[in-house]
Structures are given as C-alpha cells and as structure tokens.
Amino acid sequence: MEKKNKKYHVIIIIILVLALLATTSYIVYDKVFSKENKEVKQEERKPQEETTSEQKESITEAEKEILENQISDYTTYFAGYYPITNISSLDNQDVLYFAMMKSGKIGEDIMESDLEKILDQYFGKNHPFKHSDIMCPIDDEPLYIYDSARREYYFEDTHPHGGSGVYRGITYETEGEKIDNKYIVRTKILYNDYCSGMCPPRINYYITKDDSKNGENQILGTYDEDHEITEEEYNSIKDSIPITTYTFIKDENNNYGLESVTVE
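Rules and cut-offs
Residue indices follow the written sequence of each chain, beginning from 1 at its first position. Only residues with pLDDT of 70 or above have their local features reported here, since the model is predicted, and side-chain atom pairs are shown and tallied only from 80 upward, although totals for entire chains, interfaces and linings are computed over all residues. With hydrogens and water set aside, each side-chain value is computed from the structure's full complement of heavy atoms. The rule for a salt bridge is simple: a side-chain nitrogen of Lys or Arg has to be within 4 Å of a carboxyl oxygen of Asp or Glu. Note on classification: 1.4 Å probe, protein chains only; a residue is buried when its accessible area is under 20% of the maximum for its type, exposed when over 50%, partly exposed between these limits. Our working definition of a disulfide is a cysteine sulfur pair at a distance within 2.5 Å. The numbering of helices and of strands both runs from the N terminus, where a helix is a DSSP run of H or I of at least 4 residues and a strand a run of E of at least 2. We call two residues in contact whenever any of their non-hydrogen atoms come within 4.5 Å of each other. Strands are treated as partners if at least two bridges between them are detected by DSSP. Note on geometry: axes are lines fitted to C-alpha atoms, helical ones only across the stretch in contact, with angles between N-to-C directions running from 0 to 180 degrees.

## Observations concerning the pattern of salt bridges
Here is step 1 of the chain: As enumerated under the stated definition, the model contains 11 salt bridges in all.
Here is step 2 of the chain: One salt bridge connects Asp 147 with Arg 150, and the closest N-O pair in it is separated by 3.9 Å.
Here is step 3 of the chain: Residue Lys 209 pairs with Asp 210 through a salt bridge whose shortest N-O separation is 3.2 Å.
Here is step 4 of the chain: On the basis of relative accessibility, which here comes to 41%, the residue Asp 210 falls in the partly exposed class.
Here is step 5 of the chain: Here the salt bridges share partners, and the residues they tie into one network are Glu 175, Glu 177 and Arg 186.

In structure tokens form, the structure reads like this:
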C-alpha cells in the first residue's frame, strides 16, 4: 500500500513538473518570441507604410518646361496679385481676360469650350471661375458678350485703344519636386519695365513686381537701349532676388492647376 502511495506521489510530481514546464514555455514564448515576431512584422510593414505615404521626387525636364511656361504666363497677367494664397482670390474678370488673351482669337468670336480648355490647363478642371461677359479693362465696357444658351462669346468691336498693362518677368534657377499629384516649384523672377498699353525697351530690371510697375529701385540699368541680361550680370545680383514658389495640383487630365504662390 505504501509503495502504491509513493508511486502515485511520483506520478503527481511528474505531472506538476510537466505542467510547470509547459506554463514556463508559454510565458517565455509569449513575452520573448511573440514580441520578436511582432517587432519583425512591424519592421516588415514599416517600409510598406513609408512607400504608401508621401514620396518626394524631382520634377522631370519635360514637366519643368511645361511649368516654366505656365509660370511665365501667370507672371505676365497675375503678378500684381502675388502672393496668392488661393486662386479663388483672383478676380473672375481678370481670369476670363487672361483666357481670352491666351486663346489667340482676340477680335474673333470664341466658343466657351475654347476658354474652358485654357482655364482647365492653368487652374485645373475643378477651377472656381465662371463664364460671363468679359469687360474691357480700359473703359469697363463689354469686350465680349457671353451667350450662355449658345455657349459662345461674341466680340464687341467698339474699343479703339490698346490693351491692359502686363508684367514682364524672366525666370531663373527653376527647380521643384512632386509629392503624389502635388508639384512645388521654386524660381527666381527678374522683372523688366512694366508694359502699360505698349511695352518700352528693356532698359531697367527689378527684383519686385511693385518696383517694376512703379519704375523705381531698379537693380540693373538704366541701359541706353534694349538690353538682355547676361549670365555675368545675373550672377552679380541673384542672391538679392526673392524666391517665388508655385504649388500646382495635377489632375487626371494632366492639367497642372495653380493652387497658390508665395514670395520669400
């Protein structure tokens, strides 16, 4: 009987030891191996999360050429607005006048679709601008009458005078990057003398659009005749030129719509 009890005690002790070993193994696995597996999975997942988040890359030369041309056009007609926090701050009339000038059909009747293509190209397909009569910036009389039923603009040939004033800017050192469909482009703009109706020879150069319009504080000039800035002349003043930054949103139709402009 005593031997049987001892035998049972031994069996119970063995069972307890096995249970203890199993419990210890589970705790070690849960605390150590499970933690390591979680860390490995997190490390494996981290690059993927970084890949799906913002990826910054330089703009291509082809994109740079497109955006430089658009920047030149914005500067010509909208430099007076710089900086632009949001394009909705642009006057609807100024934008329609800009689209009319860019259409190349000045003095002709124009289809709404022709202007809409230009608005989409420069401001994106979701631009906030509306079609309406286009007023002459000189005498504030209708330059184009908009027919919403026919979706056409009819030219009013009653304006025997020149056009509105524009800025003349030259872009330098353009560079930028894209993050998904957002393009951030930085450039330096050197302004010529402001064109008020007719453009004078390029005899003065300025680093701000206000100085250009007011004809004061030129940084280069006054030259005796029309003068194109040399590389050496530009290098002598480039550190004084503010950086103008343009933000674009590229839509599914490959339009680079302007979003904002800052000047630093």
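So, next bit.
## Focus on the state of the cysteines
Here is step 1 of the chain: By the definition in use, this model includes 1 disulfide.
Here is step 2 of the chain: The partner cysteine of Cys 195 in its disulfide is Cys 199, sulfur to sulfur 1.9 Å. Its S-S torsion of approximately 115° makes the covalent link between Cys 195 and Cys 199 right-handed.
Here is step 3 of the chain: Overall, Cys 195 belongs to the buried group, its relative accessible area being 2%.

## Quick look at the environment of Thr 244
Here is step 1 of the chain: By secondary structure assignment, the location of Thr 244 is in strand β10 (residues 243-250).
Here is step 2 of the chain: Separated by 59 residues in sequence, Thr 244 and Val 185 place their C-alpha atoms 8.3 Å apart.
Here is step 3 of the chain: Setting aside its immediate chain neighbours within four residues, Thr 244 contacts Val 185, Arg 186, Thr 187, Ile 189, Val 261, Thr 262 and Val 263.

## Things to note about the sheet that holds strand β11 (residues 256-263)
Here is step 1 of the chain: With antiparallel pairing, the 5 strands of this open sheet are ordered in space as β1-β6-β7-β10-β11. Either end of the sheet is taken by a strand with one partner, and the two such strands are β1 (56-58) and β11. Across the sheet, the mean angle from the axis of one strand to that of its neighbour is 25°, orientation sign disregarded.
Here is step 2 of the chain: Of the pairings in the sheet, the one linking strand β7 (residues 182-191) to β10 comprises 7 bridges and is antiparallel in character. Across the sheet, Ile 184 pairs through a bridge with Thr 247, a residue of β10.
Here is step 3 of the chain: With respect to the sheet, helix α2 (residues 61-78) is in contact with β6 (169-179), β7, β10 and β11, its orientation differing from that of β10 by roughly 115°.

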